[in-house]
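Chain by chain, the residues:
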Amino acid sequence: MSSCEISIVLRPDYEDDQVEDFVPAPRSVPTEPFTLSIIDNGKPKAKQLLGELASLLEDRFPIAKVELVSKSSAGKPLEADVAQSVAVRSRMVITGLGD
């Protein structure tokens, strides 16, 4: 598997090309197969975008299972019991925010 890497995501509406140096928090790279959960926030195309991201991560990490969790509405938070259940089952959780 791969080591942790920093990926830079550029915003098309932000033109400042000065990126401050920073040191990320220490991270461990998973070596055992694990569950990745993606939370579909209900926005258009969120499920497709997060699914593509999950596919890319499957090439880099030992992901045994990808679990899709869908919120009832983009305007509502994930129910606390669902969030707790996801946290127990998953080593990695990804959700999308914004439009």
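Residues numbered from 1 in each chain as written. Predicted model: local features only at pLDDT ≥ 70, side-chain atom pairs only at ≥ 80, totals over all residues. Heavy atoms only, no water.

Colleague: Which residues make up the overall build of the protein, and what values go with them?
Modeller: Summing up its helical and strand segments, the protein has 2 helices and 3 strands in all. Moving toward the C terminus, one meets the helices and strands of the protein in the order β-α-β-α-β. Within the span of the protein, comprising 99 residues, buried residues form 24% of the whole. Sequence-distant contacts in the protein: of pairs separated by 6 or more residues, those separated by 24 or more amount to 74%. If you sum the accessible surface of the protein, you get close to 7800 Å²; carbon and sulfur atoms cover 55% of it. (Helix = DSSP H or I, 4+ residues; strand = E, 2+ residues; numbered from the N terminus. Buried < 20%, exposed > 50% of the residue type's maximum accessible area, 1.4 Å probe, protein only. Contact = heavy atoms within 4.5 Å. Areas by Shrake-Rupley, 256 points an atom, 1.4 Å probe, with all protein chains shown as cover.)

Colleague: Run through the nonpolar core, naming residues and quoting values.
Modeller: Core analysis: the biggest nonpolar cluster contains 9 residues, these being Phe34, Leu36, Ile38, Leu50, Ala54, Leu57, Phe61, Ile63 and Ile94. Going through the elements one at a time, β1 (34–40) and α1 (46–58) are the ones with two or more residues in this core. Excluding residues within four positions of it along the chain, Ile63 makes contact with Phe34, Leu36, Leu57 and Glu58. (Core = buried A, V, L, I, M, F, W, Y, C linked by side-chain atoms within 4.5 Å.)

Colleague: Lay out the sheet that holds β1 in plain terms, naming residues and giving numbers.
Modeller: Strand-to-strand pairing in sheets goes through backbone hydrogen bonds, with the strands running parallel or antiparallel. With parallel pairing, 3 strands are arranged side by side in an open sheet as β2-β1-β3. Whereas interior strands pair on both sides, the edge strands pair on one side only; in this sheet they are β2 (63–70) and β3 (92–95). Across the sheet, the mean angle from the axis of one strand to that of its neighbour is 20°, orientation sign disregarded. α1 rests against β1, β2 and β3 of the sheet, and its axis sits at about 160° to β1. Contacting β1, β2 and β3, helix α2 (residues 80–89) crosses the sheet at an angle of about 175° to β2. (Pairing = 2+ DSSP bridges. Axes fitted to C-alpha atoms, helices over the stretch in contact; angles between N-to-C directions.)

Coordinates in, geometry out; function isn't part of it.
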